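Secondary and tertiary structure notes
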Amino acid sequence: MEKKRLRRSWSRTNKALFSRSRSLAVGLILFGLGLVSLFIGHVASDLHWSQFRRRIRPKVLHNKRLDIWKSNYSDLYYGCSSRGANFRYAVPENRSNGYLLIATSGGLNQQRVGISDAVVVAWILNATLVIPEMDHRSFWKDDSDFVNIFDVDWFVSYLSEDVPIVRRIPDKVMRSMEKLPWTMRPPRKSMPDYYLYQVLPILRRRHALQLTKFDYRLTNRLDDELQKLRCRANFHALRFTSPIENMGQKLVQKMRNMSSRYVAVHLRFEPDMLAFSGCYYGGGDKERAELGEIRKRWATLPDLSEEGERSRGKCPLTPHEVGLMLKALGFQNDTYVYVASGEIYGGEKTLQPLKDLFPNYYTKEMLADANELEPFLPFSSRLAALDFIVCDESDVFVTNNNGNMAKILAGRRRYMGHKRTIRPNAKKLGMLFKARSQVKLDWETFSTKVKSAQSDFMGEPDEMRPGRGDFHEFPYSCICKKDVVSSS
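Every chain begins its residue count from 1, and numbering advances along the sequence as written. Totals for whole chains, interfaces and linings use all residues, but because this is a predicted model, local features are given only for residues with pLDDT of at least 70 and pairs of side-chain atoms are given and counted only at 80 or more. To get the side-chain values, take all heavy atoms of the structure and skip hydrogens and water.

Considerations on the nonpolar core
Inclusion rule: Each nonpolar core is a collection of buried residues, namely Ala, Val, Leu, Ile, Met, Phe, Trp, Tyr and Cys, held together in the definition by side-chain atoms within 4.5 Å. Accessible area is worked out with a 1.4 Å probe on protein chains only. A residue is then buried under 20% of its type maximum, exposed over 50%, and partly exposed in between. Helix and strand labels come from DSSP, where a helix needs a run of H or I of at least four residues and a strand needs a run of E of at least two; each type is numbered from the N terminus.
Core analysis: the largest hydrophobic core is formed by 70 residues, its most contacted members being Phe-155 and Leu-211. Considering each element in turn, this core owes the most residues, 11 residues, to helix 3 (residues 108–125).

Here's what the structure looks like:
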């Protein structure tokens, strides 16, 4: 009897073990199939993108030499951000869910991102947007208000179908409120659901709500209609005031009077940028001490490996390296170059190699009379706006880091007609500059390698697969492709 009971127990144990083993095996098989499916999906997606790139590039253009001044494919695309037929219209101010106040953060272009996103958040909340408050306390110490930089009336009018916008909360409403507006800071890159479930209930209860340090507080991934609203706000509604626009266009005209086309370079080689990057440029203990002191402003920055950052392509090119890249790409010595920059680390000594390569070198200070720039000089944001205009109007725009101005201008230039925008492939170029100094590459070989390294960094329309990258830099939802009739 005991033997029978043991055999039955042993049989049940074996069955249970077999069942669990079978479940585990099935689970492992399904997991493996899932990984294979995911891999195949990525491959298929990339294959589809490669086929798409080949399809939109007509055969007649494949053998055409790269035009460093203009993309051969830019005419195949156009900016498209009109609202869809079913996109909700703005409600009247008195029927909205309350007043949304925004405190932006950072420099001009970082604040521009915040303002564009604030318009979208106001739409999500069905709120009345109060003209955003500009940042007066950060590194730039600029006390300019929105009205000093952007055309308020145009901003309100252009977005009137999307979001109700007021200059300030009406006094009558303020007097009726029992408490001051609630203040909160959303997490970075928050999804719409965060605003609907965490922010909206407070807004309805308090009737007014302020979101602070509002920069990159909304996700990159929104549906196409909300992305198009982002584009309408950024590329159309945010128009500079007449004094800034007129001065900027005057600088552009001075460049055009000297040459029919010009290159604009956002050099971004200021001490704060270099300190923030954690990179080293050969200045010895003096450089390390000076930049190390500046770096203390950001208490949360990690310790970085200088060589590691350079090998990862995180270090801005020096002015000399920017010049060498442009020359290697084919820009001639007589090219007119406009440089947008603040104080360059190392001053004239750092700039001279770039000037030697491109003697037709200009800045806003060189183009304008002293009395013309005087009204703008105390205000870093207004000076940045002048550089923005001249860079935007250039035939070729060259970035030197992935900062806010570089992203915003790159996206705007794609949207406005895919004007040539060159991003240095700093990772590969860094190795080439090092090889050139150590191995003594001849110029022809160096130039060929630079062109190869930059092949996917020249601002071509299909350079980035839709959905990848920062939306402000690659506004894929707002760029449409014309129908292409293939020639046989």
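A look at the packing of aromatic side chains
Note the threshold: Only the six-membered ring of Trp is used, alongside the rings of Phe and Tyr, when aromatic pairs are assigned; centres must lie within 6.5 Å, and planes under 30 degrees apart are stacked while those over 60 apart are edge-to-face, with the rest tilted.
Summed over all chains, the structure comprises 15 aromatic pairs. Where Trp-154 meets Tyr-158, the ring centres are 5.6 Å apart and the plane angle is 40°; that geometry is what we call tilted. With Trp-154 and Tyr-158 both in helix 5 (residues 152–158) and 4 residues apart, this pair spans about one turn of that helix. Residue Tyr-158 is classed as partly exposed on the basis of its relative accessible area, which comes to 31%. When the ring of Phe-269 is compared with that of Tyr-281, the centres are 5.0 Å apart and the planes differ by 80°; the resulting orientation is edge-to-face. With Phe-269 in the loop between strand 7 (263–266) and helix 10 (271–277) and Tyr-281 in the loop between helix 10 and helix 11 (284–295), this residue pair connects regions lying 12 residues apart in the sequence. Among the residues examined, Phe-269 registers a relative accessible area of 3% and is labelled buried.

Remarks on the sheet that holds strand 8 (residues 337–340)
Stated precisely, the cut-off is as follows: DSSP-based pairing: two strands are paired if at least 2 bridges between them are found.
The strand order 9-8-7-10-11 describes an open sheet built from 5 strands, whose pairing is parallel. If you trace the sheet from one side to the other, it starts and ends with strand 9 (361–362) and strand 11 (420–422), each paired once. Pairing of strand 7 with strand 10 (residues 396–398) involves 3 bridges; the strand directions are parallel. Residue pairing across strands places Ala-264 opposite Phe-397, the latter belonging to strand 10.

Some thoughts on the state of the cysteines
In plain terms, the rule: The disulfide criterion is simple: two cysteine sulfur atoms within 2.5 Å.
Inspection of every chain in the model, using the stated rule, returns 3 disulfides. Here Cys-231 pairs with Cys-478 through a disulfide, and the sulfurs are 2.0 Å apart. Around the S-S axis, the bridge from Cys-231 to Cys-478 shows a dihedral of about 95° and counts as right-handed. With Cys-231 in helix 8 (residues 224–237) and Cys-478 in the loop between helix 20 (443–453) and strand 12 (479–481), this pair connects stretches of sequence that are 247 residues apart. For the pair shown, Cys-231 and Cys-478 are each scored as buried. Paired by a disulfide, Cys-279 and Cys-315 hold their sulfur atoms 2.0 Å apart. For the disulfide bridge between Cys-279 and Cys-315, the dihedral angle about the S-S bond is near -95°, and by the sign convention the bridge is left-handed. Separated by 36 residues along the polypeptide, Cys-279 in the loop between helix 10 and helix 11 and Cys-315 in the loop between helix 12 (306–311) and helix 13 (319–329) bring together distant segments of the chain.

Re the sheet that holds strand 5 (residues 182–184)
Think of a sheet as strands paired side by side through backbone hydrogen bonds, with each pair either parallel or antiparallel. Quick note on the threshold: It only takes one pair of heavy atoms within 4.5 Å for two residues to be counted as in contact. In this analysis, axes come from line fits to C-alpha atoms, helices being fitted only over the stretch in contact, and the angle between any two N-to-C directions falls in the range 0 to 180 degrees.
On the basis of which strands lie adjacent, the open sheet formed by 5 strands has the order 4-3-2-6-5 and parallel pairing. Two strands lie at the open edges of the sheet, namely strand 4 (165–166) and strand 5, each paired on one side alone. Against the sheet, helix 3 makes contact with strand 2 (99–102), strand 3 (128–130) and strand 6 (208–211), and its axis sits at roughly 160° relative to strand 2, the strand it touches most. Taken strand by strand, helix 7 (residues 192–206) contacts strand 2, strand 5 and strand 6, and its axis lies near 135° from that of strand 6.

What about the pattern of salt bridges?
What counts, and what does not: Only one rule defines a salt bridge in this text: a Lys or Arg side-chain nitrogen within 4 Å of an Asp or Glu carboxyl oxygen.
Applying the stated criterion across every chain yields a total of 28 salt bridges. Across the pair Arg-232 and Asp-162 runs a salt bridge whose closest N-O atoms are separated by 3.1 Å. In this pair, Arg-232 sits in helix 8 while Asp-162 sits in the loop between helix 5 and strand 4, placing the two residues 70 residues apart along the sequence. A relative accessible area of 5% places Arg-232 in the buried class. The class of Asp-162 is buried, set by a relative accessible area of 4%. With a closest N to O distance of 2.6 Å, Glu-309 and Arg-312 form a salt bridge.

Re unusual backbone geometry
Leave glycine aside and you will find that most residues have negative phi; peptide bonds, for their part, are mostly trans. For Asn-126, which is not glycine, the phi torsion reads 55° and is therefore positive. For Asn-126, the location among the structural elements is in the loop between helix 3 and strand 3. Phi at Lys-189 takes a positive value of approximately 55°, unusual for a residue other than glycine. Along the chain, Lys-189 falls in the loop between strand 5 and helix 7.

As for the pairing of strand 6
Going by this rule: Seen with the strands pointing away from the viewer, any crossover whose path from the first strand over the helix to the second strand runs clockwise is right-handed.
Burial along strand 6 is two-sided: Ala-208 and Gln-210 facing one way and Leu-209 and Leu-211 facing the other are all buried. Pairing analysis gives 4 bridges linking strand 2 to strand 6, with the strands arranged parallel. Bridging across to strand 6, Leu-100 finds its partner in Leu-209. Crossover connection from strand 5 via helix 7 to parallel strand 6: handedness right-handed.

Quick word on helix 7
One turn of the α-helix equals 3.6 residues, which is why residues spaced by three or four share an orientation. For clarity, the cut-off: By this rule the span expected of a helix is its residue count minus one, scaled by 1.5 Å. Fitting one axis to the seven residues ending at a residue and another to the seven starting there, the bend at that residue is the angle between the two axes.
Taking 1.5 Å per residue as the helical rise, helix 7 with its 15 residues ought to reach 21 Å, and the 20 Å between its terminal C-alpha atoms agrees with that figure. Where helix 7 bends most, the angle comes to about 45°, and this point is Val-199, followed within four residues by the proline Pro-201. Pro-192, Tyr-195, Val-199, Leu-200, Ile-202, Leu-203 and Arg-206 are the residues of helix 7 that are buried. Structurally, helix 7 contributes buried residues whose contacts are with strand 2, helix 3, strand 5 and strand 6. Directly beyond the C-terminal end of helix 7, a positive phi value near 70° is found at His-207.

Side note on the packing of helix 13 against helix 20
This is how the line gets drawn: For classification purposes, an angle smaller than 35 degrees is called roughly parallel, one larger than 145 roughly antiparallel, one from 65 to 115 roughly perpendicular, and anything else oblique. In the scheme used here, Gly and all other residues not listed as nonpolar or charged are polar, with Ala, Val, Leu, Ile, Met, Phe, Trp, Tyr, Cys and Pro taken as nonpolar and Asp, Glu, Lys and Arg as charged.
Where helix 13 contacts helix 20, the two axes come as close as 8 Å, and the packing angle between them is 90°. The angle between helix 13 and helix 20 places the two elements in the roughly perpendicular class. Where helix 13 approaches helix 20, its residues Leu-324, Met-325, Lys-327, Ala-328 and Leu-329 are matched on the opposing element by Trp-443, Phe-446, Ser-447, Val-450 and Lys-451. Here the contact of helix 13 with helix 20 is composed, by residue class, of 7 nonpolar, 1 polar and 2 charged.

Let's talk about the environment of Val-265
Tracing the backbone through its elements, the reader meets Val-265 in strand 7. Its relative accessible area of 1% is what places Val-265 among the buried residues. In this structure the C-alpha to C-alpha distance between Val-265 and Pro-319, which are 54 residues apart in sequence, comes to 9.7 Å. Sequence-distant contacts of Val-265, defined by excluding residues within four places in its chain, comprise Val-322, Leu-326, Val-337, Tyr-338, Val-339, Ala-340 and Val-398.

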